[in-house]
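Fold and geometry: a report
Residues per chain, in single letters:
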Amino acid sequence: MPLGFEYRCDACDYEWMLFSTGLSIGPTQWGFRKFTCFSCQTFLSISKTIDRNSWKVWLENNQSSLINNTLLNELKVEIDRRLDNARGLTPVKLDFNSMRCPTCQKDDLLELPFGEHPMRCPQCLTLSGNSINNDRLSIYRFE
Ligand SMILES: [Zn+2]
Ligand SMILES: [Zn+2]
């Protein structure tokens, strides 16, 4: 069940609600980097490194979720390209630094933890949105 977060903008007093979206690229059990969109509350987990075999296995189970999203599919193509340039089963590092958010496609994903940064207000577009139901943060579980 999606959990909604209510925000209020410190700059213009606008109030809105967001529901989290959790996405991942590649297996995450051996370490991952987590990116956050502070406009739409999307969390994107990306494997730190990937090798040809684990990428292939992961794709078999998850490819459908990538194909429906242009930006996720672009990341997939980029990972394919890097693996094609690697020798044999050598893992490659997925050192992406800036990415457009695959959900709202408007903001960039940041590698800052959720909650450490105000959200972007959909009305005045400044980063001034603070949660007005902080108590719910404590029961929210990351994937
Ligand atoms: Zn977004
Ligand atoms: Zn605002």
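Above: the structure in question.
Let us look at the structure shown here. Keep in mind it's a predicted model, so treat the numbers as computed, not measured.

1. Regarding the coordination of the zinc ion (ligand 1)
Distances from the zinc ion (ligand 1) to its protein donors, Cys-37 (SG), Cys-40 (SG), Cys-101 (SG) and Cys-104 (SG), fall at 2.3 Å. Coordination at the zinc ion (ligand 1) comes from four donor atoms whose angles at the metal span 105 to 119°, giving a geometry best classed as tetrahedral. We note that the donor set of the zinc ion (ligand 1) lies within a single chain, spaced as C-x2-C-x60-C-x2-C. Remark: Cys-101 occurs in the loop between strand E8 (99–100) and strand E9 (108–110) and Cys-40 occurs in the loop between strand E4 (32–37) and strand E5 (42–47); sequence separation between them is 61 residues.

2. Comments concerning the layout of surface pockets
Size it by volume and the second largest pocket reaches roughly 170 Å³. As for the second largest pocket, its lining consists of Trp-16, Leu-18, Ser-39, Cys-40, Cys-104, Lys-106, Asp-107, Arg-120, Cys-121, Pro-122 and Leu-125. When grouped by side-chain class, the residues that make up the lining of the second largest pocket number seven nonpolar, one polar and three charged.

3. Quick word on the coordination of the zinc ion (ligand 2)
Each donor-metal-donor angle would ideally measure 109.5 degrees in four-coordinate tetrahedral geometry, or 90 or 180 degrees in six-coordinate octahedral geometry. Note on the zinc ion (ligand 2): its protein donors are Cys-9 (SG), Cys-12 (SG), Cys-121 (SG) and Cys-124 (SG). The metal-donor distances range over 2.3 Å. Classification of the site at the zinc ion (ligand 2) rests on its four donor atoms, whose angles at the metal span 106 to 116°, yielding the label tetrahedral. Read N to C, the donor residues that coordinate the zinc ion (ligand 2) are spaced as C-x2-C-x108-C-x2-C. With a gap of 112 residues between them, Cys-12 in the loop between strand E1 (4–9) and strand E2 (15–19) and Cys-124 in the loop between strand E10 (119–120) and strand E11 (127–131) connect regions that are remote in the sequence.

4. Quick word on the sheet that holds E10
Here we have four strands laid out as an open sheet, ordered E2-E1-E11-E10, and antiparallel in their pairing. Because the sheet does not close on itself, it has two edges, and the strands there are E2 and E10. Bridge count between E10 and E11: two bridges; the pairing is antiparallel. Within E11, the position partnered with Arg-120 by the bridge is Leu-127.

5. A closer look at the sheet that holds E5
As summarised here, the arrangement of the five strands in space is E3-E5-E4-E9-E8, forming an open sheet in which the pairing is mixed. The open sheet is flanked by strand E3 (21–25) and E8, the only strands paired with a single partner. Pairing geometry for E8 and E9, over two bridges, is antiparallel. Within E9, the position partnered with Met-99 by the bridge is Leu-109. Across the sheet, helix H2 (residues 70–85) lies against E3, E5 and E8, angled at about 20° from E3, the strand it touches most.

6. A few points about the pairing of E2
With burial as the criterion, only one face of E2 is covered, namely that bearing Trp-16 and Leu-18; the residues Glu-15, Met-17 and Phe-19 on the opposite face remain uncovered. Where E1 lies against E2, five bridges are found, and the strand directions are antiparallel. In the strand pairing of E2, Gly-4 is matched with Phe-19. As consecutive antiparallel partners, E1 and E2 are separated by five residues, and within that stretch Asp-13 has a phi angle of approximately 70°, a positive value.

7. Details of the environment of Thr-49
Following the sequence through the fold, Thr-49 ends up in strand E6 (residues 49–50). Exposure remark for Thr-49: the relative accessible area of 43% places this residue in the partly exposed category. For the pair formed by Thr-49 and Gln-105, sequence separation is 56 residues and the distance between their alpha carbons is 25 Å. Excluding residues that lie within four positions of it along the chain, Thr-49 makes contacts with Pro-91, Val-92, Lys-93 and Leu-94.

Thresholds applied
- Residues numbered from 1 in each chain as written.
- Chains lettered and ligands numbered in written order.
- Predicted model: local features only at pLDDT ≥ 70, side-chain atom pairs only at ≥ 80, totals over all residues.
- Heavy atoms only, no water.
- Donors = N, O, S within 2.8 Å, 3.2 Å for Na, K, Ca; no water.
- Tetrahedral: all angles 85-135°; square planar, octahedral: opposite > 155°, others 65-115°.
- Helix = DSSP H or I, 4+ residues; strand = E, 2+ residues; numbered from the N terminus.
- 1 Å grid on protein atoms, 1.4 Å probe; cavity = no way out; pocket = protein on both sides within 12 Å on 5 of 7 lines; lining within 4 Å.
- Points joined across faces, edges and corners; volume = space filled by probe spheres on them.
- Nonpolar A, V, L, I, M, F, W, Y, C, P; charged D, E, K, R; others polar.
- Pairing = 2+ DSSP bridges.
- Contact = heavy atoms within 4.5 Å.
- Axes fitted to C-alpha atoms, helices over the stretch in contact; angles between N-to-C directions.
- Buried < 20%, exposed > 50% of the residue type's maximum accessible area, 1.4 Å probe, protein only.

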